[in-house]
Amino acid sequence: MFKPSDIPRVFQVPVGADFPRALVQGLSQRLEGQPPHMWGRAHLYVNSARMARRIKDVLQEGPAALHPRIKLVTEAASPLVLADLPRPVPGLRRRLELSQVVARLLDAQPDLAPRASLYDLSDSLAGLIEEMQVEGVAPDVFHTLDVSDQSGHWQRTLRFLGILEPYFSAAESAPDAARLQRIGVERLIAQWRISPPDHPVLVAGSTGSRGTTRQLMAAVAELPQGAIILPGFDTDMPAEVWAGMTDALTGEDHPQFRYATLMAQLGLSPDQVQPWSRVPPPSPARNRVLSLALRPAPITHQWLTEGPSLPDLSGAMADVTLLEAPSPRDEAQAIALRLRKAAEDGQTAALITPDRMLTRQVTAALDRWGIRPDDSAGTPPQLTPPGRFLRHVAALDVQPLTAEALISILKHPLCHSGAERNQHLINTRDLELHFRAEGVPFPTPATLAKFDPEDARKDWVAWLVQSFCGDRPDGMLPLSDWVARHIERAEEICTGSAGGDARELWATETGRTVRATVDELIAESGYGGDLVARDYADLFGAILSNGEVRDSETRHPHILIWGAQEARVLGADLLILGGLNEASWPEMPKADPWLNRQMRHAVGLLLPERRIGLSAHDFQQAACAPEVWLSRATRSQDAETVPSRWLNRLTNLLNGLPGQKGPEAVRQMQARGQEWVALARQIDKPVPVPPMPRPAPCPPVVSRPTQLSVTEVKRLIRDPYAVYAKHVLRLKPLQPLQRAPDALIRGIVLHEVFEAFVQETVETPDRLTKASLLEMAKTHLWSDIPWPAMRHVWLARIERVSDWFTRSEMTRQTLAKPTLFEARGKAEIAEFGFTLTGKADRIDLDERGYAHVYDYKTGNPPSADEQTYFDKQLLLEAVMIEQGGFENFAPRGVERAVYIGLGATPKEQLAPLEKVGVDRVWAEFWTLIEAYRDPARGYVSRNAPFQETDAGDYDQLARFGEWDNAMEPKKEALE
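For clarity, every value in this text was computed on a predicted model and none was experimentally measured.

J.: Describe the environment of G307, with residues and values.
T.: Among the structural elements, G307 can be located in the loop between helix 14 (302-306) and helix 15 (313-316). Owing to a relative accessible area of 0%, G307 belongs among the buried residues under this scheme. Between the C-alpha atom of G307 and that of S206, which follows or precedes it by 101 residues, the distance is 31 Å. When residues no more than four places from it in sequence are discounted, the contact partners of G307 are L292, Q302, L657 and Q660.

This is the structure:
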């Protein structure tokens, strides 16, 4: 194929050209006239599986011929070359081994790092081992570094790095995959030196960013029939720029840096890198613009000298659209709309971005049109249904079972997937309603038995108790025991109460992928040591987060989502470069806990900017495609974003060249993008509807409530619509599933505490002490409150008011003797057939037989004015007492009605009995009830809220927000 050459053979395909097509065309040119078997003798090493598939697709377009042997650069060495070495150590095993060594080191020296960082440190060390093996760096080189370390940080780091030495000394007997790959390449190169292959050997599509790959490329370039074909080679960059770009500390982030160092290693100049084929770039003028825009930072002054020589920039950027969306949502919607048009027009379009959140938003937006893009990244196993299910099950051992966790698992599609699933779903619904109504935060066998007291669902409840309420392991267990327990429990939950097997858990393609990960963990669990429950759950989740799952559902053949590296493959009519913001594209280098930039450079490791340089090369390659979108969101989470450095350079260059119509080109690019943003916003634009009126329903009188409690009278005055919803529509607010220790629960418990305390002190006055109150409070809280933290918080609240309460209680018991507790009473309006009910917290009787009625308030009690006009609870209870409304309690006068406030500032708040009078209170109440006997009287929503910001239980039903309190209510007669 090649003539003899005195210099290494390195070829290039220009930026923006279709690399796989150019590669095949170049092969055809060089093999023209050769026997057909020469195609089959050629060995082709490519950088990715997608590149290999695309090359095969181009070859299959014809003409008919034998195909070259295509392999990945990571598989260059044949199995025969490595036949005397064992199989590589699985990555999971190495990670588990490292975690055990790191754990022992942290146990011995806890000051080195917190134990919570155990698996992060193990991952970081595993990555460092792989990088050192790929780059050929031995661990003893760290001891040669001259580091000024007065804080001792470097010495602590060296103790961690000492962990690595055994994995290099035993590399030949138990090599990692990276080490085995390097050994294979070294042996292959040694064979080539003795007996060079007589067939063509090509390395195509790789930039040589990793040490092992660069070593292979250098050897192939010097073979008699070997060559390197570089993708996206910048032919517009001057030689002096190439010459000054070999220092990694200053040039690593440039898109062409790897080519510059490769040429320096091979002793080549840029003009000695020859074109591989005659495939031209889509837009040579745009290539020149991008080349100049991305020049290394120290020499951007060349913009001033070379910029004026650029051609008409509006023409060069004619096929480029700059989409600057106001938000990530708008960006995703506009991209999805453009991809939809491409699907309708039969175009092949690809979204290229490292931002996985953007790809998920675009995928969701495309789903409304039934378009399922072919996403090369797939879905992480942890986000698949089996992955989520297994993570939920693993979390059961981490903390006590909560109602939320139980219902989440019971509702999962894989839970109880065997027989009688329909009945299981009915039971789950009823159980959830039971939890919400009863406020069960932590289900136990006892609380689950209360759900089914008649044993109508005995088998199902027994399955719940067995599967979810078992004892949680306390302490450490071997990893193998954790995995066995976890999978057995998951399969038991999957099977359900009716028996069967757990095949549904592993039946789908995603299930089989997750099962393979689980099987690997089972196989390597012997290297995991002992763990606690939380460590195991974290480890299992982290393992599932690696890899990808690609289901076999039908995907759209022309709508693609690629990672940045796949820009080299091209082959699409439209490329959309999305998420072009700093920290997204390029992604910021991760913090290295071991070595800084200078140290990495000194020992021969890769700099953090390496990924930025690779992303820059992918950006340059993609931005020079036939039709390109450059897309970004100008704001994210209410903060302005910073454009990607490459986009910033491009627009700055264009705006600085008015003579070449650069600013006009930018405006045209932006205008094309804004058209799509405007179209995307029309999709979700709401249909104009007339504003909703403020509701005031008027139900028939016979449907209106004939009984209210004293606490609901306040609601009838302030928010009549809530009374209508509760008593006429018979709707009750749905309580949260995971009941929080809110003010209602606190009030109930504190009422019980103070009531029990007062009852005890009536019989034994010497118990009226702070110590007795706190002792009783602790007994009640520890028996009735399932939240450990809130027990202490509420005990502290009681302790804060205990001195005041015991002193004031002595005064109250001097005035009158506590007689009734939680007494129920009523008062009737016979003319209307209406009954007022109530429950007094406490009624005391003095020596004259007069009543003193009290009500406990854990917050601030209502003021006298509030009680006069709105909160009439105590006043109405006084009416009941004078009317003899309490059973076995003769009618009598009321001396005092008092709120006992137990808030931050404890106090007594008297009801304005003297000012208002019992007769007036009853007359006003009579008038209020009589008013609602009028069929024309409506139940107005939010009639007189205490504050505009107050939220009611039925505001959503009343569609509050579509109207405000200033609007007049609209009465609506109901039948």
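J.: Can you tell me about the side chain of R791, naming the residues and giving the values?
T.: Mapped onto the elements, R791 comes out in helix 35 (residues 788-815). The buried category is assigned to R791, whose relative accessible area is 18%. A distance of 2.7 Å separates a polar side-chain atom of R791 from the backbone oxygen of I785. In this structure R791 touches L781, W782, I785 and P786, once residues within four positions along its chain are discounted.

J.: Could you give me a rundown of the pairing of strand 5 (residues 226-233), with the residues and numbers involved?
T.: With respect to burial, strand 5 is a largely interior element, eight of its eight residues being buried. Of the pairings in the sheet, the one linking strand 1 (residues 10-14) to strand 5 comprises four bridges and is parallel in character. Looking at strand 5, one finds that Q12 is bridged to L230. Strand direction decides the pairing type here: strand 4 (residues 201-204) and strand 5, joined by four bridges, are parallel.

J.: Could you give an account of the sheet that holds strand 14 (residues 627-633), with specific residues and numbers?
T.: Ordered in space as 7-14-13-8-12-9, the six strands form an open sheet in which the pairing is parallel. Looking at the sheet topology across the chains shown, the edges are occupied by strand 7 (320-325) and strand 9 (374-375). Strand direction decides the pairing type here: strand 7 and strand 14, joined by six bridges, are parallel. Pairing of L323 across the sheet is with S631, part of strand 14.

J.: Residues and numbers for the pattern of salt bridges, please.
T.: Scanning the model with the defined rule gives 50 salt bridges in all. In this structure, R436 engages E432 in a salt bridge whose closest nitrogen and oxygen atoms are separated by 2.9 Å. With a gap of four residues between them, R436 and E432 both fall in helix 20 (residues 421-438), about one helical turn apart. As far as the burial class goes, R436 and E432 line up, both buried.

J.: Kindly report on the environment of Q274, identifying the contributing residues and their values.
T.: Looking at the secondary structure, you find Q274 in strand 6 (residues 274-275). In the structure, Q274 is positioned 45 residues away from I229 in sequence and 9.4 Å away in space, judged by C-alpha atoms. The residues contacting Q274, other than those within four sequence positions of it, are V10, F11 and Q12. Within the structure, the side chain of Q274 is placed 3.0 Å from the backbone oxygen of D271, a separation counted as a polar contact.

Criteria and cut-off values
Along each chain, numbering runs from 1 in the same order as the chain's sequence is written. Totals for whole chains, interfaces and linings use all residues, but because this is a predicted model, local features are given only for residues with pLDDT of at least 70 and pairs of side-chain atoms are given and counted only at 80 or more. Side-chain numbers here rest on the full set of heavy atoms in the structure, without hydrogens or water. Numbering of helices and strands runs from the N terminus, with a helix taken as a DSSP run of H or I at least four residues long and a strand as a DSSP run of E at least two residues long. The cut-offs for exposure are 20% and 50% of the maximum accessible area for each residue type, with area from a 1.4 Å probe on protein chains only; residues under the lower value are buried, those over the upper are exposed, and the others partly exposed. A contact between two residues is defined here by any heavy atoms of the two lying within 4.5 Å. Here a polar contact is taken to be a pair of N or O atoms separated by no more than 3.5 Å, where protein atoms must pair a possible hydrogen donor with a possible acceptor and residues adjacent in sequence count only if both atoms sit in side chains. The pairing criterion for strands is at least two bridges between them, as found by DSSP. In what follows, salt bridge is the name for a side-chain nitrogen of Lys or Arg lying within 4 Å of a carboxyl oxygen of Asp or Glu.

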